[in-house]
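Inside the fold
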Amino acid sequence: MILRLTTLQKGTSARINAPKRLLIQQSRAFTSIDDPAFRAHSTAVTENTSSEYRSWQASQNIDIQRVTQTAMVHELTQQVSRSIENVVPWFLNTMPAPYFRQVPESFRLDHIKAISAIKDASMDMHMNLKTHLPDGRQVLTFIRPGTMPGLLLNMIKELPFNQRSEEYMPLSRVQIYSAEDDSMSLNLFVYGEESKHQTDVTLTGSQILEYAQQLMDGSLPPQDEYGRPNPKPNNTFERDNLIKHMERCSESYILRSDPRRFLSQMQLFEKVSGSDNISVSTEYSYLDENNDEHYWIDIALANTLPHYALEQTTKLLFLHSFDVMRAHLDNVSDGDNGTITLLRMLVTPVNGAKGNEATFNLLQQELKRCKWLNDSTMELVFETHPWLGVRRGEIITAMAAIMHPIMSKQNAIAFSKGNILETITKDRYIKHAAAIVDLFLERFNPKGPLSDEELEAKSKELLSIIDNEVEDTSAQALLTKMIDIVKHTLRTNIYMNNRYALGLRLDPRIMSSEDEAPRETPYGVIFVHGRRFDGYHTRFRDIARGGMRLVTPASPEQYALESAHQYEECYGLAFAQQLKNKDIPEGGSKAVVLIDNIGMSETGKDFVMRKSVKAFTDTILDLIVDTDETREEVVDFVGKKEVLYLGPDEQVIPEDINWVIKRAKQRGYDTPAAFMSSKPRAGINHKEYGVTSEGVNVYLDVALRHVLKIDPKQESFSIKITGGPDGDVAGNELKILAREY
């Protein structure tokens, strides 16, 4: 097709051939004929010397393409310019002030350009942006239409969580913003740790230091200019302490933090520093110009995965009908203890909820629990049956775990771990399970526990209801066993506010099955149900010692088998230890902790194992220490003080031992140094020196020489080791065999 354009002289009219009219009309959509850019790219033309008009014509197809391209570029540039002119004033007026203080200008410009493109294309406000920072960190920006409740939770679920990968980068910062006209949400998620620079924190944090100095001098009024109460003077806010703390923080966190906020979060940091605890505070938001009901919730979580902390906190707030309007997440180093995640959220109640004292007290309790809840518990209380609440849901999943090794002896398929939990949480039976859990909570309520007579009467009443209303024999058997667990629990930490996991001191008879042959009953059994693990501690004498081993199956199928046999393994090992300890005062015991770290990277596996050791041993301390806290919050039906000691076994490392000893001292255990043997700087390290293996080899040598009449130094012989070389004893025995023979 040939393009012919006509430029009119004064007082003349245009004559355009019909075949060319269509192309000219199309061209007008992009530019005018007199556009200089258009003429500049139409160089190959032929001119008509007619006095009425001057005509010119492109001689090559490429010239037409060049003209069209230039026209499109020009018109799109004009459209984008008009769109930006409309977006910028709206963006400046509708985004909250903290956004402009806390988000770098380069990011703000990127956001404006992205939003302009979306609006210009008449598309929904739905976009993900990815940016790589010079230091290797990655920034994801999620833009979504509206600010409806649950929107943040949905976004978090979309975030990449590659904790199972070797390329894992932790979530290191989060900034959540909502447009003031509720038209959109704009959230930034930063992955990777910020590089530490040799900066002078006294300059970076000069405003914080000045504010703290005025606070300590008493020169600040009780309230700031916005009516917010200033923190009370505290030794924590001394200049040297502040500088030391700021040296642990990232530069961006110091620069973005309001001095009042920084000091408040520092107080929370100090409460959990050196531990694995969680601290929560709430306060009314004094900066709301519309007098709406807004609250700030600050949380400090020691040694947790930031992504997990953010997701579970958001889930819990959504469950309690709180919408998150703004949020910040930062990580601060806690030295050898790891990292503390600081989470700050501006929330408002929705759907008729109220931010009263009772609501926030319950919310604080459950926020502290979220870090330690198993996935099955989270699914039960956040998705399947939210009305249960966290405490009841945790007891139900714990009882399901206890029942597995007992009931699977009767029918391994019908009473698999998954089937047990699925059965007792079905819509038809969940009300019965909840009633049994309420009986458990009544029995151990510190404010008025049920007596044995009251427990028996209420148990009979529940059994009668189950017998009349539950026809399925499997469900009936499981619900009946749950009542048995309540009756055979002698002590629990369910009402302790700062517990790491749920612990039950059980009467060992509950673990026996009607179908098994008679055998010696242990003295005591402790069961611990925590995040990604279940653990048993079994002992055959009042005062007993034995190793703690960590079992980490490699596949879901192997995990299911280990779960069914976990108590039997613990019983057998404890009984063997009892026989070995026959000539010493301490009886035999054993702890077996079954951990689910299937499919994780090596870093992830190690993280979960270390957390499991901490939660398991701290829960045992809940049940055996005698302190003001336990006397107030733990109802005791054992009737006497219990003493037990641990030792290291498979996959327990010196770091674990040091933590356990330190924690036992903090918790008030009478002999903390004896709570776990093989301390790196005291006694003999069993693993390093193979103490037990040396004894085993002496027995082997005697048996070979005096029973089998074999000289092991001169004659060959075969050895079978049951249990595998992964363990402490077998692994060291292999080394001794190579050394001696």
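These numbers come from a predicted model, not from an experiment.

**What to know about the overall build of the protein**
- Looking only at helices and strands, the protein has 26 helices and 17 strands in total.
- Here the protein holds 741 residues, and 51% of them are scored as buried.
- Long-range pairs, those at least 24 residues apart, make up 69% of the contacts in the protein with a sequence separation of at least 6.
- Approximately 35,600 Å² of the protein is accessible, and the part contributed by carbon and sulfur atoms is 50%.

**Points about the side chain of glutamine 102**
- Here glutamine 102 shows up in helix 4 (residues 97–102).
- Excluding residues that lie within four positions of it along the chain, glutamine 102 makes contacts with Gln175, Tyr177, Arg256 and His328.

**Comments concerning the confidence of the model for the protein**
- Within the protein, residue pLDDT values average 85, and 88% of them lie at 70 or more.
- Here strand 1 (residues 4–8) stands out as the element of the protein with the lowest mean pLDDT, 36, in contrast to strand 11 (residues 489–492), whose mean of 98 is the highest.
- With pLDDT under 50 throughout, residues 1–56 is counted as low confidence; its partners more than four residues away or in other chains account for 69 contacts.

**As for the packing of aromatic side chains**
- Inspection of the entire model under this criterion finds 21 aromatic pairs.
- Between the aromatic rings of tyrosine 253 and phenylalanine 262, the centroid separation amounts to 5.5 Å while the plane-to-plane angle is 35°, which identifies the pairing as tilted.
- Taking the relative accessible area as the measure of exposure, tyrosine 253 reaches 1% and is therefore buried.
- What makes phenylalanine 262 buried here is its relative accessible area of 0%.
- When the ring centre of tyrosine 571 is taken as reference, the NZ or CZ atom of arginine 519 above it lies at 3.9 Å.

**Some details on helix 25 (residues 691–707)**
- Between its first and last C-alpha atoms helix 25 spans 24 Å; for 17 residues at 1.5 Å apiece the expected length is 24 Å, and the two agree.
- Taken as a whole, helix 25 has its buried residues at Ser693, Asn697, Leu700, Asp701 and Leu704. Projected down its long axis, helix 25 carries its buried residues within an arc of 100°, all on one side. Facing away from the buried side of helix 25, by more than 90 degrees, are the exposed residues Val698, Tyr699, His706 and Val707.
- Where helix 25 ends, the next residue or the one after it, lysine 709, has phi of about 55°, a positive value.

**Looking at the packing of helix 12 (residues 306–319) against helix 14 (residues 375–384)**
- Between helix 12 and helix 14, the least distance of the axes is 10 Å, while the angle of their chain directions is 35°. For the pair helix 12 and helix 14, the crossing hand works out as left-handed. Facing Tyr308, Gln312, Lys315, Leu316 and Leu319 of helix 12, the residues of helix 14 in contact are Met378, Val381, Phe382 and Glu383.
- When its residues are assigned to classes, the contact of helix 12 with helix 14 shows 6 nonpolar, 1 polar and 2 charged.

**Let's talk about a nonpolar patch on the surface**
- Where nonpolar side chains cluster on the molecular surface, the patch consists of Ile719, Ile721 and Leu734 and spans about 230 Å² of accessible area.
- Given a relative accessible area of 40%, isoleucine 719 falls into the partly exposed group.

**Notes on the side chain of serine 116**
- Topologically, serine 116 is positioned in helix 5 (residues 105–120).
- Excluding its chain neighbours within four sequence positions, the residues that come into contact with serine 116 are Ser83, Ile84 and Val87.

**Digging into the pairing of strand 3 (residues 127–132)**
- Two strands pair when backbone bridges link them, and strand 3 and strand 4 (residues 138–145) are joined in this way by 6 bridges, in the antiparallel orientation. Bridging across to strand 4, leucine 129 finds its partner in threonine 141.
- Here strand 3 hands over to strand 4 after 5 residues, with glycine 136 in that stretch at a positive phi of 100°.

**Points about the pattern of salt bridges**
- One pass over the full model with this rule turns up 54 salt bridges.
- For aspartate 135, the salt bridge identified is with arginine 137, shortest N-O distance 2.8 Å.
- Arginine 137 gets classed as buried once you look at its relative accessible area, which sits at 10%.
- Put simply, aspartate 670 and lysine 641 hold a salt bridge, and the shortest N to O gap is 2.1 Å. Note that aspartate 670 is positioned in the loop between helix 23 (654–666) and helix 24 (686–689) and lysine 641 in the loop between helix 22 (628–633) and strand 17 (644–648), a separation of 29 residues in sequence.
- A residue is classified by how much of its surface remains accessible, and aspartate 670, at 55% relative accessible area, is exposed.
- Taken together, the shared-partner salt bridges in this structure form one network comprising Arg491, Arg505, Arg539, Asp636 and Glu642.

About the thresholds
- Residues numbered from 1 in each chain as written.
- Predicted model: local features only at pLDDT ≥ 70, side-chain atom pairs only at ≥ 80, totals over all residues.
- Heavy atoms only, no water.
- Helix = DSSP H or I, 4+ residues; strand = E, 2+ residues; numbered from the N terminus.
- Buried < 20%, exposed > 50% of the residue type's maximum accessible area, 1.4 Å probe, protein only.
- Contact = heavy atoms within 4.5 Å.
- Areas by Shrake-Rupley, 256 points an atom, 1.4 Å probe, with all protein chains shown as cover.
- pLDDT = per-residue confidence, 0-100.
- Phe/Tyr/Trp six-rings, centres within 6.5 Å; stacked < 30°, edge-to-face > 60°.
- Lys NZ or Arg CZ within 6 Å of the ring centre and 35° of its normal.
- Expected span 1.5 Å × (residues − 1).
- Arc of directions from axis to C-beta.
- Axes fitted to C-alpha atoms, helices over the stretch in contact; angles between N-to-C directions.
- Left-handed = near helix turned anticlockwise from the far one by under 90°.
- Nonpolar A, V, L, I, M, F, W, Y, C, P; charged D, E, K, R; others polar.
- Patch = residues over 30% accessible without salt bridge, like charges linked within 9 Å, V, L, I, M, F, W, Y side chains within 5 Å.
- Salt bridge = Lys/Arg side-chain N within 4 Å of Asp/Glu carboxyl O.
- Pairing = 2+ DSSP bridges.

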